[in-house]
Amino acid sequence: MAGAASVLEDDSLLSRLDQRLAKLEWGMAFVSGLGAFALMVLAVRSVGGRELFEAPLRGYVDWIEMAMPLIAIFGISYVQRQGGHIRMDIVIGQLSGRSLWLLELVTTFFALVLMVFLVVGAWAHFDRSFDFAAQNWSRDSTIDIGLPIWPAKLVVPVAFGVVCLRMILQMVGFGRAFWLGLERPVAVPLVLSAAEQAQAEAEHMTGHDA
C-alpha cells in the first residue's frame, strides 16, 4: 500500500503542466464525491419512502448502476498524482537516487501501456452502446426504468485518458530526475517518511485551527 506522498511545485514548464492537470483531476475527484453524496441521498429517499409511505424509490438499483463508475473511477487520476494507488513500498523504500527514479520510470511506463489498452477497450465498449439514431442516443438501457447506459460507460475511457496524461507527465518527471540526478523532483509523488508525514499533518491541523 502506498504511503503518504507529496508533489513538489516550481515555475518550470513541467510543474505548470502538472498544476493545470491537477486542477482537472481535483474537479473530477470532486464530481466523484458528489456522486457518492447523491447516492447516499437516494438511499435515504428509498429507505424513507419504503418505511414511511410504502413507496421506495423506483429504479434505485438502476441509479446505483449508473453511479458506480463515477464514484469508483472518475477520481482515479487524482489518486495517481498523490501516489495513492497500491505500490510496493517495501521495495521502493529501499531505493534512492537514480535507482529509485529508474524503477519508477519503468513501472510507470508499463502502467501507461496497460492504461492505453484499457482506454481503447473502454472506448469500444462505450461506442457499442452509443448511437445518435437511437432513443436517448443509446442502444442499451437499465432493466427497471430504462436509463441509457452510455453516460456511465463514457466515464471509464475519459477517466483512464486523464490517467494516461498524468502518467506521461510523471514519466517525464522521473526521467528528468534520473538524467539530472535530482533528489526531490517536481510533478512526481515523493513518499514521505513517518516524521515528514507527522509534520505535514501537524501543520495542516495548525492551519485549520487558525
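Please refer to the structure placed before this passage.
A short tour of the structure in this document, coming up. (Residues numbered from 1 in each chain as written. Predicted model: local features only at pLDDT ≥ 70, side-chain atom pairs only at ≥ 80, totals over all residues. Heavy atoms only, no water.)

Regarding its fold elements, the chain presents 7 helices and 2 strands. If you list the helices and strands of the chain from N to C, you get β-α-α-α-α-α-α-β-α. Relative to its 210 residues, the chain shows a buried fraction of 34%. Partitioning the intrachain contacts of the chain with sequence separation of at least 6 by distance along the chain shows that 71% fall at a separation of at least 24. About 12,800 Å² of surface is accessible on the chain, with carbon and sulfur atoms providing 68% of the total. (Helix = DSSP H or I, 4+ residues; strand = E, 2+ residues; numbered from the N terminus. Buried < 20%, exposed > 50% of the residue type's maximum accessible area, 1.4 Å probe, protein only. Contact = heavy atoms within 4.5 Å. Areas by Shrake-Rupley, 256 points an atom, 1.4 Å probe, with all protein chains shown as cover.)

Now for the nonpolar core. Counting residues in hydrophobic clusters, the biggest one holds 29 residues, and the most contacted among them are Trp-101, Met-115, Ala-159 and Phe-160. Broken down by secondary-structure element, the contributors of at least two residues to this core are helix H1 (13–53), helix H5 (97–129) and helix H6 (150–180). Sort the elements by how many residues they give to this core and H6 lands first, with 12 residues. Apart from the residues within four sequence positions on either side, Ala-159 is in contact with Met-28, Ile-73, Phe-74 and Ile-76. (Core = buried A, V, L, I, M, F, W, Y, C linked by side-chain atoms within 4.5 Å.)

Looking now at the packing of aromatic side chains. Summed over all chains, the structure comprises 11 aromatic pairs. Plain terms: the ring middles of Phe-130 and Phe-132 are 5.0 Å apart, the flat faces sit at 80° to each other, and that makes the pair edge-to-face. With relative accessibility at 61%, the residue Phe-132 sits in the exposed group. On the basis of an interplanar angle of 70° and a centroid distance of 5.2 Å, the ring pair of Phe-132 and Trp-137 is categorised as edge-to-face. An aromatic cluster of three or more residues is present, and its members are Trp-123, Phe-126, Phe-130, Phe-132, Trp-137 and Trp-150. (Phe/Tyr/Trp six-rings, centres within 6.5 Å; stacked < 30°, edge-to-face > 60°.)

Summed over the entire model, instances satisfying the criterion amount to 6 salt bridges. Note that Asp-18 and Arg-81 form a salt bridge whose closest N and O atoms lie 2.8 Å from each other. Of this pair, Asp-18 sits in helix H1 while Arg-81 sits in helix H3 (residues 76–82), and the two are 63 residues apart along the sequence. The exposure class assigned to Asp-18 is buried, which follows from its relative accessible area of 0%. (Salt bridge = Lys/Arg side-chain N within 4 Å of Asp/Glu carboxyl O.)

One turn of the α-helix equals 3.6 residues, which is why residues spaced by three or four share an orientation. The first and last C-alpha atoms of H1 sit 59 Å apart over 41 residues, in line with the 60 Å expected at 1.5 Å per residue. Looking at H1, one finds that the buried residues are Leu-14, Ser-15, Asp-18, Leu-21, Ala-22, Glu-25, Met-28, Ser-32, Gly-35, Leu-39, Ser-46 and Gly-49. Directly after H1, the chain includes Glu-54, whose backbone phi takes a positive value near 55°. (Expected span 1.5 Å × (residues − 1).)

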